[in-house]
Amino acid sequence: MTFSFEPDPEFANELEWIDEFVREEVEPIDLFVADPWNVHDELRNALIVPLQEQVKERKLWACHLGPELGGPGFGQVKLGLMNERLGRSLAAPIVFGCQAPDSGNSEILAHFGTDEQKERYLEPLLAGRIVSCFAMTEPQGGSDPEVLTTSAALDGDSWVINGEKWFASSAHAASFFIVMALTDPDGPAYKRHSMFVVPAETPGIEHVRNVDGHHGYLRFHDVRVPADHVLGGRGEAFVVAQTRLGGGRIHHAMRTVGLVRHNFDLMCRRALSRTTGGEQLARKQLVQAAIADSWCEIESFRLLVLQTAWKIDKYQDYKRVRGDISAVKTLMPRVLNNVASRALQIHGSIGVSEEMPFMTAVRDSYVMALADGPTEVHQVNLAKAILRGYTADTDVFPDYHLIRRREQAEAKFADVLARHGVSAQTNS
């Protein structure tokens, strides 16, 4: 097995352009636009839309899409290297047309939407004129499908949706929602729910409040949508959801690598810039340990993500790399939390203030540990995937028991041992 993460010369030039473009043109926007998803914000549009046009002219817009949807059809390794550069800036994914939840929602619509839905929702979404919402989690829970109670009942030629959704991404600015709802309560746990596309202007949708500025708390009161607004088959919500999660988790992980490396860079600059006790922070052994541990964690995590991306490109089968993706999802919040916390500590009191980015990064690490499935679920999935490659030992003393191994080795090398006067070991 051989693999390489070195880009071809042409794409390497594009990565250099992306890196400079994000640093010089996009990062400053983060200081003025707190919500780059809000397409109704005039200042946001004045700053972001011209940059989006530059990206489109460069043919780097929505690179997660295949050629059939107007994208370049980049593989996951290329997308990973690209997203690593975007992770430095909150607005960068928007500028490059690959932001969540829209990237995943566009894939759902491309696979399961009708021609009319693609024209109404997918085309403006891909063009960057609108944003969308993914609404799955509910106030009482999110990772266990058996506790999701928002329901959809078929009434003539319409579905009627009732219930609540929590932490619904981009709900405040979305032109449509993709909503998971219970349609078959007596079916198997993962066949009870269906996925619906719901126009934002549909009567009966109540925006209770924004939870954190980007995620909303919604109530659906007899929200009526046409029967053909089911995405995929009835009871296929979890199949549909997986369409948006696999590759998206890799892109998010590589953006996290970029964010973590940014925090690491600031940590190193601080260590070289400050003195205490008559010497640089960088000469303190505990600071050196923090830097060394951070570098090792970043590089190890980055290589795991890129190897997972390579496997996806090689096998074209997300099921085959579910364990790898779970490993990525498990490590992602831990690495960000560790490095951002060390950077914060080395910066001292200013590190905990709003004048530095570290508290936001630490908070984001906890969001990552919950979004798209909590860390604990991914740990369980990873362990199950690993254990499927092993078999149980039936003997009390398994074949790796050292005495048994000695006996087997003695039998294997009996002639050689006898010529050298080595007697068999007696075990009593």
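What counts and what doesn't
- Residues numbered from 1 in each chain as written.
- Predicted model: local features only at pLDDT ≥ 70, side-chain atom pairs only at ≥ 80, totals over all residues.
- Heavy atoms only, no water.
- Patch = residues over 30% accessible without salt bridge, like charges linked within 9 Å, V, L, I, M, F, W, Y side chains within 5 Å.
- Areas by Shrake-Rupley, 256 points an atom, 1.4 Å probe, with all protein chains shown as cover.
- Salt bridge = Lys/Arg side-chain N within 4 Å of Asp/Glu carboxyl O.
- Lys, Arg positive; Asp, Glu negative; His and termini not counted.
- Charge placed at Lys NZ, Arg CZ, Asp CG, Glu CD.
- Helix = DSSP H or I, 4+ residues; strand = E, 2+ residues; numbered from the N terminus.
- Buried < 20%, exposed > 50% of the residue type's maximum accessible area, 1.4 Å probe, protein only.
- Phe/Tyr/Trp six-rings, centres within 6.5 Å; stacked < 30°, edge-to-face > 60°.
- Lys NZ or Arg CZ within 6 Å of the ring centre and 35° of its normal.

**Quick notes on a negative patch on the surface**
For step 1, the next point in the chain: Taken together, the side chains of Asp115, Glu116, Glu119, Glu123 and Asp228 make up a negatively charged region of the molecular surface.
For step 2, the next point in the chain: Note on placement: aspartate 228 falls in the loop between β7 (215-226) and β8 (230-231).
For step 3, the next point in the chain: A relative accessible area of 42% places aspartate 228 in the partly exposed class.

**With respect to the packing of aromatic side chains**
For step 1, the next point in the chain: Counting across every chain of the model gives eight aromatic pairs.
For step 2, the next point in the chain: With a centroid separation of 5.3 Å and an interplanar angle of 65°, the aromatic rings of tryptophan 159 and phenylalanine 196 are classed as edge-to-face. Within this pair, whereas tryptophan 159 is found in strand β3 (residues 158-169), its partner phenylalanine 196 is found in strand β5 (residues 193-199), the two being separated by 37 residues in sequence. Phenylalanine 196 carries the same exposure label as tryptophan 159, and that label is buried.
For step 3, the next point in the chain: Grouping aromatic residues by their ring pairs yields a cluster made of Trp17, Phe21 and Phe96.
For step 4, the next point in the chain: The cationic tip of lysine 56 hangs over the ring face of tryptophan 61; the distance from NZ or CZ to the ring centre is 4.6 Å.
For step 5, the next point in the chain: The cationic tip of lysine 78 hangs over the ring face of phenylalanine 11; the distance from NZ or CZ to the ring centre is 5.0 Å.

**What about a nonpolar patch on the surface?**
For step 1, the next point in the chain: A cluster of nonpolar side chains, contributed by Leu31, Phe32 and Leu43, occupies part of the molecular surface with about 380 Å² of accessible area.
For step 2, the next point in the chain: By the secondary structure assignment, leucine 31 is in the loop between α1 (9-26) and α2 (42-57).

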